[in-house]
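Fold and geometry: a report
One-letter residues, chain by chain:
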Amino acid sequence: MLSKKNQSETSEIQAPSLWNTNPLMIWLKRNMAAMIALVFLCIILSITTDTFLVKNNLLSVLRQVCVNGFIAFGITCVLICGGIDLSVGSVVAAAGVIAVRCGNAGLPVILCFLIPLLFGAVIGLFNGYVISHTTLPPFIVTLSMQIIVRGVSYILTGGQPAQSNNETFNNMGVGSFLGIPIPVVFVIVAFVILYFIMNRTSFGRHVYATGGNKEAAKYAGVDTKWIQVRVFVISGVMAALAGVVLAARLYSGQPSVGEGFERDAIAASVLGGTSFNGGIGTMGGTVIGVLIIGVLNNGMNLLKISSYWQFVVKGCVILGAVYVDYLKKRGSLKK
């Protein structure tokens, strides 16, 4: 006969709580700190400014975070797989220039999207192939590609912004659908697709396996090289989509745009719980990270904080996010 104490302990082991078994509860538990930080930030800005909670400002924040959202989704896939992509900012610029050129040439809007996305896929394919088939570090390969693609942007434009004369294309950046900004609709669609890919397909499971333990994944029959190639293609396509939407919103393709975008995207991904060590991360967490970065940028502008100090704040946020990731890693190792 078991004592009442032993029976209760046994029942706890046999029937784990909903908090530890339900996927939604697990996600909430994992991202609770980031969600609290976002709510706290919104409360502070609503108290210290008179315009943060104004409808136009909130819509502006949503439009602005879309660009970082696209890039961060791609970066999240790469980080989960154990890599890093520094070329995304340059891809944003080049894709925007290509999209505007296509629109001004009278091509259908669908081609103004597909051609730049194909360009982003090619850049990602090159990055992934070189990284997966050589011992070159992802940092070096994508940094080199960042410089190359930036040069392509300047060559295509002669260093001058390319103005967009296609109203239909421009509407993709500033228009609305059922009261929702079109870029937000695109972000929602991208999120749903990538969420399904990462959580409901064998490819997604293989991405986590490759990032968690590449050698073990190989022994389990996973083609880790092909997995790496595909996550970099996803990153390239997402960066290109961000570039097209941004060009439509600005009415122009600018070769200098996108500098430092990779920093915000990496920060958003890590703030959302993605680990630099690979194997850990969620699209839902990245959304929270993107919102934190977007609200932070908007808040600093509303408070008229110098752009120089904004760099300092963002750097501290990234460092803090990386340190939290380090603490989580160290805690898991001790267990």
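So, here's what we can say about the structure. (Residues numbered from 1 in each chain as written. Predicted model: local features only at pLDDT ≥ 70, side-chain atom pairs only at ≥ 80, totals over all residues. Heavy atoms only, no water.)

1. Topic: the overall build of the protein chain
Rules: Here a strand is any run of E in DSSP of at least two residues, a helix any run of H or I of at least four, and the numbering for each starts at the N terminus. Think of it in three bands: with a 1.4 Å probe and only protein chains considered, a residue is buried below 20% of the maximum accessible area for its type, exposed above 50%, and partly exposed in between. Here a residue-residue contact requires only that any non-hydrogen atoms of the pair lie within 4.5 Å. Using a 1.4 Å probe, the Shrake-Rupley method yields the accessible areas, and only the shown protein chains count as cover for residues.
Looking only at helices and strands, the protein chain features 15 helices and 4 strands. Counting across all 335 residues of the protein chain, residues that qualify as buried make up 46%. A separation of at least 24 residues holds for 77% of the contacts in the protein chain among residues at least 6 apart in sequence. Of the roughly 17,000 Å² of accessible surface on the protein chain, a fraction of 68% belongs to carbon and sulfur atoms.

2. What about the packing of helix α5 (residues 88-104) against helix α12 (residues 224-250)?
Put simply, the rule reads: Axes here refer to lines fitted to C-alpha atoms; in helices the fit is confined to the stretch in contact. Angles between the N-to-C directions go from 0 to 180 degrees. An angle below 35 degrees is read as roughly parallel, one above 145 as roughly antiparallel, one from 65 to 115 as roughly perpendicular, and any other as oblique. In this scheme the handedness of a crossing depends on how the near helix is turned from the far one: anticlockwise by less than a right angle means left-handed, clockwise means right-handed.
Direction vectors running N to C along α5 and α12 enclose 50°, while the axes themselves pass 7 Å from each other. When the interaxial angle is binned, α5 and α12 end up oblique. Seen along the crossing, α5 lies across α12 with a hand that is right-handed. Residues Val88, Val91, Val92, Ala95, Gly96, Ala99 and Val100 of α5 lie in contact with α12, whose contacting residues are Ser235, Gly236, Ala239, Ala240, Ala242, Gly243, Val244, Leu246 and Ala247.

3. Concerning the environment of Gly281
One can find Gly281 in the loop between α13 (261-271) and α14 (283-302). The exposure class of Gly281 is buried, given its relative accessible area of 4%. Gly281 sits 202 residues away from Leu79 along the chain, and the two C-alpha atoms are 8.1 Å apart. Setting aside residues up to four positions removed in sequence, Gly281 forms contacts with Ile80, Tyr208, Gly273 and Thr274.

4. Structural notes on α5
For clarity, the cut-off: Each residue after the first adds 1.5 Å to the expected span of a helix.
Taking 1.5 Å of rise per residue, the 17 residues of α5 would be expected to cover 24 Å, and the 24 Å separating its terminal C-alpha atoms lies within 8% of that figure. Counting buried positions over the 17 residues of α5 gives 15, a clear majority of the element.

5. A short note on the side chain of Thr49
Put simply, the rule is: What qualifies as a polar contact is a pair of N or O atoms within 3.5 Å, subject to a donor-acceptor requirement within protein and to the restriction that residues adjacent in sequence count only when both atoms come from side chains.
Along the chain, the position of Thr49 falls in the loop between α3 (23-48) and α4 (55-80). From its side chain, Thr49 meets the backbone oxygen of Leu45 in a polar contact 2.6 Å long. At 3.5 Å, the side chain of Thr49 forms a polar contact with the backbone nitrogen of Phe52.

6. Focus: unusual backbone geometry
Leaving glycine out, the prevailing phi sign among residues is negative, and the prevailing peptide bond configuration is trans. In this structure, Leu178 takes a positive phi of about 55° despite not being glycine. With respect to the helices, strands and loops of the structure, Leu178 is situated in the loop between β2 (176-177) and β3 (180-181). Residue Leu178 is classed as exposed on the basis of its relative accessible area, which comes to 76%.

7. Looking at the pattern of salt bridges
Just so we agree on the cut-off: Here, a salt bridge means any Lys or Arg side-chain nitrogen found within 4 Å of an Asp or Glu carboxyl oxygen.
A full pass over the atoms with the stated rule returns 2 salt bridges. Of the charged contacts, one joins Lys218 and Glu215 as a salt bridge, the two residues approaching to 3.8 Å between their closest N and O atoms. Taken together, the positions of Lys218 and Glu215, both in helix α11 (residues 214-219) and 3 residues apart, correspond to about one turn of that helix. By relative accessible area, which is 40% here, Lys218 ends up partly exposed. Under the relative-accessibility criterion, Glu215 is labelled partly exposed at 44%.

8. Re a nonpolar patch on the surface
Worth spelling out the cut-off: Only residues above 30% relative accessible area that lack a salt bridge enter a patch, with like-charged residues linked at up to 9 Å and the nonpolar side chains Val, Leu, Ile, Met, Phe, Trp and Tyr linked at up to 5 Å.
Together, Leu107, Ile110, Leu111, Leu114 and Ile115 give the surface a local cluster of nonpolar side chains, amounting to about 390 Å² of exposed area. Locating Ile115 in the fold gives a position in helix α6 (residues 109-133). Take Ile115: its relative accessible area is 34%, and that puts it in the partly exposed class.

9. A word on the nonpolar core
So the rule is basically this: Joining through side-chain atoms within 4.5 Å is the link that ties buried Ala, Val, Leu, Ile, Met, Phe, Trp, Tyr and Cys residues into a set, and such a set is a nonpolar core.
With 74 residues, the main nonpolar core has Phe70, Ile71, Phe169, Val207 and Met238 as its most contacted residues. Here this core gets 14 residues from one element, more than from any other, and that element is α12. Residues contacting Met238, with those up to four places away along its chain left out, are Phe70, Ile71, Phe73, Gly74, Ala190 and Leu194. Core analysis: the second largest hydrophobic core is formed by 10 residues, Leu45, Ile288, Ile292 and Met300 among them.

10. Quick notes on the packing of aromatic side chains
Threshold: The rule is short: rings of Phe, Tyr and Trp, with Trp giving its six-membered ring, pair when the centres are within 6.5 Å, and they are stacked under 30 degrees, edge-to-face over 60, tilted in between.
This model, assessed by the stated rule, comprises 4 aromatic pairs. What links up through ring pairs into an aromatic cluster is the set Phe73, Phe191 and Tyr195.

11. Quick word on the environment of Ile110
Locating Ile110 in the fold gives a position in helix α6. Taking C-alpha positions, Ile110 is 9.1 Å from Phe169, a pair spaced 59 residues apart along the chain.

12. Quick notes on the environment of Phe276
Of note, Phe276 is situated in the loop between α13 and α14. Put simply, Phe276 and Gly83 are 193 residues apart on the chain and 8.1 Å apart in space, counted from C-alpha to C-alpha.

Purely spatial values, then, with no claim about function.
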